[in-house]
Amino acid sequence: MRHDLASGQRSAYFSFPSALAYRGPGHVPSAQEPLAYRYYDKNRLVLGKSMAEQLRFAVCYWHSFGWGGTDPFGEPSFQRPWHAAGDPMAQAHAKADVAFELFRVLDAPFFTFHDRDVAPEGATLAESNANLRRIGDVFARKMQDTGVRLLWGTANLFSNRRYMAGAATNPDPEVFTYAAAQVKNVLELTHELGGANYVLWGGREGYETLLNTDLQRELAQLGRFLNLVVEHKHKIGFKGQILIEPKPAEPTKHQYDYDVGTVYGFLRAHGLEKEVKVNLEQNHALLAGHTFEHEIALAGALGIFGSLDMNRGDEMLGWDTDQFPNNLPQVAMAMYEVLKAGGIGQGGLNFDAKLRRQSIDPDDLVWAHATAMDLCARALLVAEQMLADGALQRHVQDRYAGWESDDGRAILRGERSLEDLAREVEKRGLEPQPRSARQERLEHLVNSYF
Ligand code: XLS
Ligand code: NI
Ligand code: NI
């Protein structure tokens, strides 16, 4: 039987009341209320903005509703009702109902999707587009009813076999053309649904071996494709950000959008550094040999920080395990860099994270997301404290204070040649004195914020 969620009754698919409440750090679980937010107090002001605005949480469609719990060795373990055989459009409707139930239970303000997560692929692109449009109408109604918003949409340019050799970087221009048509449709739908961003993740934009690959040509194709997307964004008046999501590998051996530094060089090469930003994912940073906070700090420094895919990797495993974040120091450092980069802005914290495949109860989706939301909220509070206290920043300022001197500034303004500098050493008998960088002392300080 179906109940009215708004009245606080049990929801149809999950055994939780309509929306989890904020109860504070001291919340004691009870049979009536086994789960409540301890830190995610959406109206609490953090650095002048509500927590909801600082975090802009999103639930992703693909891991939570699309994926059936398969792994390379195992069949789907979840057996969700909408994965059973039957009319795929009826299933897409059932999936949308449950997705919006989860958003309401969590009180999650945003969601994200690929076209193929939400509606089935048809026999032709026209049919696929029509299917997507029908679910788009369902979304529009549900968004109106619930106030849930779209953080970003994206096109799946990697699952279908036509994309096995890439979408924009395919050796066959017909595949490029097909991908362009698909992106046009999803970008327009994202625009109509009021999406705040549009994401491009190039899982197949890369290569397996140079023996069969014209790398230079593929990079040019990718640049052209991205320019087409940006042109169309302006043509239709989409105000959202266009975001590239870097990842070094998986599924392709070598992916072109390797990491922030690589993407920035690529954007510069194609004149897009003012048009396109990045959507950063913790597990992808790890695969590229970086910390998450490194990627955020670099994107901030280059002026291309856009949004976050929140998850975590596994130190033992070399692939994208996409686990829900559950490490406070890690997430706090990430949030600290987000705040230093000017905040999350039009982006958000999208849980690009999936359950472990043994977590087969519907309620596991609620526990996973709520625990992660609470952790991120707590990390935000730690980061706020780190900023407010200012001790870390003071240390960094002191460390670079020499650059604020007349000489330091003159060097950076380009007013000193190598000869000038050589003369300076001689004239002043310069003998620079090494100073401690005090890493352990700073780690001691950071510990005090937890
Ligand atoms: C895969 C990516 C993907 C993007 C959206 O590793 O994280 O899920 O976020 O296409
Ligand atoms: Ni990923
Ligand atoms: Ni992602």
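Look up: the structure comes first, before these words.
Residues numbered from 1 in each chain as written. Chains lettered and ligands numbered in written order. Predicted model: local features only at pLDDT ≥ 70, side-chain atom pairs only at ≥ 80, totals over all residues. Heavy atoms only, no water.

**Student:** Honestly, the packing of helix H13 (residues 391-399) against helix H16 (residues 439-447) in this entry has me stumped. Any pointers?
**Tutor:** Between two packed helices, what matters for the description is the angle formed by their axes and the separation of those axes. One can describe the packing of H13 onto H16 by two numbers: an axis separation of 10 Å at closest approach and a directional angle of 160 degrees. Compared by their axis directions, H13 and H16 come out roughly antiparallel. Within the contact between the two elements, H13 uses Ala391, Leu392 and His395 and H16 uses Leu442, Leu445 and Val446. In terms of residue class, the contact of H13 with H16 is made up of five nonpolar, one polar and no charged. (Axes fitted to C-alpha atoms, helices over the stretch in contact; angles between N-to-C directions. Helix = DSSP H or I, 4+ residues; strand = E, 2+ residues; numbered from the N terminus. Parallel < 35°, antiparallel > 145°, perpendicular 65-115°, else oblique. Contact = heavy atoms within 4.5 Å. Nonpolar A, V, L, I, M, F, W, Y, C, P; charged D, E, K, R; others polar.)

**Student:** It is not clear to me how the coordination of the nickel ion (ligand 2) should be interpreted in this structure. Could you clarify?
**Tutor:** In an ideal octahedron of six donors the angles at the metal are 90 or 180 degrees, and in an ideal tetrahedron of four donors they are 109.5 degrees. Note on the nickel ion (ligand 2): its protein donors are Glu281 (OE), His284 (NE2) and Asp320 (OD). The metal-donor distances range over 2.1 to 2.3 Å. Read in sequence order, the donor residues coordinating the nickel ion (ligand 2) give the pattern E-x2-H-x35-D. Between the nickel ion (ligand 2) and the nickel ion (ligand 3) the interatomic distance comes to 4.0 Å, and Glu281 is a ligand of both metals. Of this pair, Glu281 sits in strand E10 (residues 276-281) while Asp320 sits in the loop between strand E11 (305-310) and helix H11 (328-340), placing them 39 residues apart in sequence. (Donors = N, O, S within 2.8 Å, 3.2 Å for Na, K, Ca; no water.)

**Student:** I keep staring at empty space enclosed by the protein and nothing clicks. Help me out?
**Tutor:** With a probe scaled to a water molecule rolled over the atoms, the places where space remains empty come into view. Counting across every chain of the model gives four cavities of 30 Å³ or more. For the lining of the largest cavity, the secondary-structure elements that each account for two or more residues are strand E6 (197-200) and helix H7 (215-236). Put simply, the second largest cavity is a space of about 50 Å³. Gln282, Phe292, Met310, Asn311, Arg312, Pro325, Asn326, Asn327, Gln330 and Val331 together form the lining of the second largest cavity. A class-by-class count of the residues in the lining of the second largest cavity yields four nonpolar, five polar and one charged. (1 Å grid on protein atoms, 1.4 Å probe; cavity = no way out; pocket = protein on both sides within 12 Å on 5 of 7 lines; lining within 4 Å. Points joined across faces, edges and corners; volume = space filled by probe spheres on them.)

**Student:** Help me understand the site of ligand 1 in this model?
**Tutor:** Taken together, the residues surrounding ligand 1 are Trp62, His114, Trp152, Trp201, Glu245, Lys247, Glu281, His284, Asp309, Asp320 and Asp352. In the environment of ligand 1, an oxygen atom lies 3.2 Å from a nitrogen or oxygen atom belonging to the side chain of Trp62. A distance of 2.7 Å separates an oxygen atom of ligand 1 from a polar atom in the side chain of Glu245. Across the complex, the protein chains shield 93% of the 290 Å² of accessible surface that ligand 1 would expose by itself. With respect to the pocket detection grid, ligand 1 is positioned in the largest pocket. Partitioning the shell around ligand 1 into residue classes produces three nonpolar, two polar and six charged. (Near = heavy atom within 4 Å. Polar contact = N/O pair within 3.5 Å; in protein donor to acceptor, adjacent residues only side chain to side chain. Areas by Shrake-Rupley, 256 points an atom, 1.4 Å probe, with all protein chains shown as cover. Sits in = over half its atoms within 2 Å of the grid points.)

**Student:** What's the story with the pattern of salt bridges in this structure? I'm lost.
**Tutor:** Two side chains of opposite charge can pair, provided their charged atoms sit close to one another. Scanning all chains against the criterion turns up 21 salt bridges. The shortest N-O distance in the salt bridge between Asp420 and Arg423 comes to 3.3 Å. One end of the pair is Asp420 and the other is Arg423, both in helix H15 (residues 418-428) and three residues apart, which spans about a single turn. Judged by relative accessible area, Asp420 falls into the partly exposed class, the value being 25%. With its nearest N and O atoms 2.6 Å apart, the salt bridge here joins Arg428 to Glu424. Here Glu424 and Arg428 lie together in helix H15, a separation of four residues that amounts to about one turn. Judged by its relative accessible area of 48%, Arg428 is partly exposed. One continuous salt-bridge network, built from bridges that share partners, spans Asp407, Arg416, Glu424, Lys427 and Arg428. (Salt bridge = Lys/Arg side-chain N within 4 Å of Asp/Glu carboxyl O. Buried < 20%, exposed > 50% of the residue type's maximum accessible area, 1.4 Å probe, protein only.)

**Student:** What should I look at first to understand the coordination of the nickel ion (ligand 3) in this one?
**Tutor:** At this site the nickel ion (ligand 3) is bound by Glu245 (OE), Glu281 (OE), Asp309 (OD) and Asp352 (OD), with donor distances of 1.9 to 2.1 Å. Given six donor atoms and angles of 80 to 175 degrees at the metal, the environment of the nickel ion (ligand 3) is assigned as octahedral. Of note, the nickel ion (ligand 3) draws all its donor residues from one chain, in the sequence arrangement E-x35-E-x27-D-x42-D. (Tetrahedral: all angles 85-135°; square planar, octahedral: opposite > 155°, others 65-115°.)

**Student:** Hey, could you run me through the layout of surface pockets in this one?
**Tutor:** In this model, the largest pocket occupies a volume close to 1,200 Å³. Around the largest pocket sit 37 residues that line it, and His63, Trp67, Glu250, Asp322 and Lys354 are the ones nearest its centre. Among the elements of the structure, helix H2 (61-66), helix H4 (115-118) and strand E5 (149-154) are those that each provide at least two residues to the lining of the largest pocket. Looking at the lining of the largest pocket element by element, the count peaks at three residues for H2. The volume enclosed by the second largest pocket comes to roughly 540 Å³. For the second largest pocket, the lining is made up of 18 residues, of which Met333, Tyr336, Leu392, Val396 and Leu442 are closest to its centre. Going through the elements one at a time, H11, H13 and H16 are the ones with two or more residues in the lining of the second largest pocket. Ranked by the residues each element gives to the lining of the second largest pocket, the list is headed by H13, at six residues. Split into classes, the residues belonging to the lining of the second largest pocket amount to eight nonpolar, five polar and five charged.

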